[in-house]
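Spelled out, the chains give:
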Amino acid sequence: MKTIKLLSIVVPSYNSQDYLRHCLDTLVLGGQEVEVIVVDDGSTDSTAEIAREYCSRFPGIVRLEQKENGGHGSAVNRGLEVSTGTYFKVVDSDDWLDTSDYMSVLSLLRSIGSVDLLITNYVYEYSYNGKHKVMRYNNVFPQGKVITWDSMRRFRFDQLMLMHSLFYRTNLLRECGLKLPEHTFYVDNLVAYLPLPYVKSLVYLDCSPYHYLIGRPGQSVNTQVMIKQIDQQLKVTRMMIEAFDLFNDIECEKLRRYMLFYLSMMIAITVTHIYIANDEELSCKADELWGFIKQKDEKLYTILHKSFLNSCIRFGQRISPRLISQGLNLIKHIYKFS
């Protein structure tokens with residue numbers, strides 16, 4: 001009889017030979033309750049060879065899925081298709097889990113019964129200076145108690161629930177039809193946003209299992225990379241806006257307020273990178289994005305347009321490109337990315 005795994009961890013991997021071992025060394029410590037699914041997304045280096053080595057060393061724990069290159073979202077899609085665990089987690093191949101907090105997560109999942117979403121803290125690890133920053137939610141959620149969104153308190157200005165902090169019930173992701181676009185960066189925002197209205201029960205554990213490496217050269221959140229790939233950021237932002245009628249689909253006012261906050265942040269990051277490129281043709285894309293929002297929902301447009309971050313960005317753009325650059329630095333400081 002096949003054992004049902006407690007947790008499926010999907011590791012999207014593309015040319016990850018330099019850091020995949022470190023990632024897997026932490027994940028396999030979950031033992032036979034966990035399945036670690038390495039999805040080799042068409043790598044041209046020794047990623048698949050390393051994954052096969054771990055499959056041999058840790059049978060029944062590590063699995064390898066190989067596919068043609070389709071991007072991060074495509075790899076997550078494949079992982080979700082083949083996962084057998086009750087719960088589902090994505091861990092990028094250059095990131096890792098803290099052993100002690102990982103064990104705390106498994107202990108809670110083992111004892112809690114069925115819950116739609118487990119939220120934990122996570123840690124930014126800055127590769128360029130060796131510093132780290134823990135993103136906590138103990139001001140938002142009670143510890144270790146199964147709740148609904150109605151029990152959620154207000155987020156601070158610098159807080160967002162990112163993919164790194166979320167462990168979903170696997171079948172919830174399937175039931176809500178989560179399918180990420182291929183050949184597109186920034187899809188982790190879709191994982192952190194689209195399933196939320198389907199979550200009816202959640203629990204917060206005040207620990208920090210996920211360590212998110214940031215500042216690696218060529219990383220998708222690098223400023224110049226984001227400018228080059230701004231069409232992909234726009235695509236993801238539009239998908240988030242199109243996904244729900246927030247004022248009719250989302251009954252819980254607290255969840256609606258958080259989702260508006262998330263959208264405001266996404267738009268702020270997107271238009272700021274458009275403006276600092278100082279390219280007249282590119283600048284039109286910011287106007288097109290606002291026009292798209294206004295056409296979809298004037299109420300949504302008004303709220304997002306008047307939000308603090310976006311009001312500041314428009315002011316800075318009218319005054320000086322230098323202010324926009326400073327605004328990007330402020331956003332980076334607030335949300336701790338790159």
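Residues numbered from 1 in each chain as written. Predicted model: local features only at pLDDT ≥ 70, side-chain atom pairs only at ≥ 80, totals over all residues. Heavy atoms only, no water.

Colleague: Could you clarify how one ought to interpret the overall build of the chain in this entry?
Modeller: A count of helical and extended segments in the chain gives 14 helices and nine strands. Burial statistics for the chain: of 338 residues in total, 57% are counted as buried. Counting only contacts in the chain whose residues sit at least 6 apart along the sequence, the fraction spanning at least 24 positions is 77%. Of the accessible surface of the chain, which amounts to about 14,800 Å², a share of 49% is contributed by carbon and sulfur atoms. (Helix = DSSP H or I, 4+ residues; strand = E, 2+ residues; numbered from the N terminus. Buried < 20%, exposed > 50% of the residue type's maximum accessible area, 1.4 Å probe, protein only. Contact = heavy atoms within 4.5 Å. Areas by Shrake-Rupley, 256 points an atom, 1.4 Å probe, with all protein chains shown as cover.)

Colleague: Please clarify how the packing of helix α8 (residues 230–243) against helix α11 (residues 280–296) should be interpreted in this entry.
Modeller: For any two helices packed against each other, one specifies the inter-axial angle together with the distance between the axes. It is at 11 Å that the axes of α8 and α11 come closest, and there the two elements cross at 5°. Taken as axis vectors, α8 and α11 run roughly parallel relative to one another. When α8 is examined against α11, the residues Ile230, Asp231, Leu234, Thr237, Arg238, Ile241 and Glu242 are found in contact with a partner set consisting of Leu282, Lys285, Glu288, Leu289, Phe292, Ile293 and Lys296. Grouping the amino acids of the contact of α8 with α11 by side-chain chemistry returns seven nonpolar, one polar and six charged. (Axes fitted to C-alpha atoms, helices over the stretch in contact; angles between N-to-C directions. Parallel < 35°, antiparallel > 145°, perpendicular 65-115°, else oblique. Nonpolar A, V, L, I, M, F, W, Y, C, P; charged D, E, K, R; others polar.)

Colleague: Any chance you could explain helix α1 (residues 20–27) here in plain terms?
Modeller: Note that an α-helix has 3.6 residues per turn; residues three or four places apart therefore point the same way. Where α1 is concerned, the buried positions are Leu20, Cys23, Leu24, Thr26 and Leu27. One side of α1 carries all its buried residues, which in axial view fall inside an arc of 160°. Those residues of α1 hidden inside the fold are in contact with β1 (7–13), β2 (34–41), α2 (47–57), β5 (96–97) and α4 (99–112). (Arc of directions from axis to C-beta.)

Colleague: What is the right way to look at the packing of aromatic side chains in this model?
Modeller: The geometry of an aromatic ring pair comes down to the distance between the two centres and the angle between the two planes. What the rule picks out here adds up to 16 aromatic pairs. Seen in terms of ring centroids, tyrosine 54 and phenylalanine 58 are 5.9 Å apart; in terms of plane orientation they differ by 20°. Their pairing is stacked. The partly exposed category is assigned to phenylalanine 58, whose relative accessible area is 22%. With a centroid separation of 6.4 Å and an interplanar angle of 65°, the aromatic rings of tyrosine 258 and phenylalanine 261 are classed as edge-to-face. Of the two residues, tyrosine 258 and phenylalanine 261 are both situated in helix α10 (residues 253–276); the distance of three residues between them amounts to about one turn of the helix. (Phe/Tyr/Trp six-rings, centres within 6.5 Å; stacked < 30°, edge-to-face > 60°.)

Colleague: Quick question: what am I supposed to make of the side chain of threonine 47 here?
Modeller: Inspection of the secondary structure assignment puts threonine 47 in helix α2. Beyond its immediate stretch of four places on either side in the chain, threonine 47 contacts Ser13, Asn15, Ser16, Gln17, Leu20 and Asp40.

Colleague: It is not clear to me how the side chain of threonine 237 should be interpreted in this structure. Could you clarify?
Modeller: Looking at the secondary structure, you find threonine 237 in helix α8. Using a relative accessible area of 0% as the deciding quantity, one classes threonine 237 as buried. For threonine 237, the side chain forms a polar contact with the main-chain oxygen of glutamine 233, separated by 2.8 Å. When residues no more than four places from it in sequence are discounted, the contact partners of threonine 237 are Met266, Ile267, Thr270 and Leu289. (Polar contact = N/O pair within 3.5 Å; in protein donor to acceptor, adjacent residues only side chain to side chain.)

Colleague: Help me understand the pattern of salt bridges in this model?
Modeller: A side chain of one charge can pair with a side chain of the opposite charge when the charged atoms of the two come close. Under the definition given, this model contains 12 salt bridges. Salt-bridge contacts for glutamate 53 lead to arginine 21; the nearest nitrogen and oxygen are separated by 2.8 Å. With a gap of 32 residues between them, glutamate 53 in helix α2 and arginine 21 in helix α1 connect regions that are remote in the sequence. When its relative accessible area of 36% is taken as the criterion, arginine 21 is described as partly exposed. Aspartate 41 is the partner of lysine 67 in a salt bridge, and the nearest nitrogen-oxygen pair spans 2.6 Å. Remark: aspartate 41 occurs in strand β2 and lysine 67 occurs in strand β3 (residues 62–67); sequence separation between them is 26 residues. The structure contains a network of salt bridges with shared partners spanning Glu35, Arg63, Glu65 and Arg78. (Salt bridge = Lys/Arg side-chain N within 4 Å of Asp/Glu carboxyl O.)

By themselves, these observations are geometric and do not establish any function.
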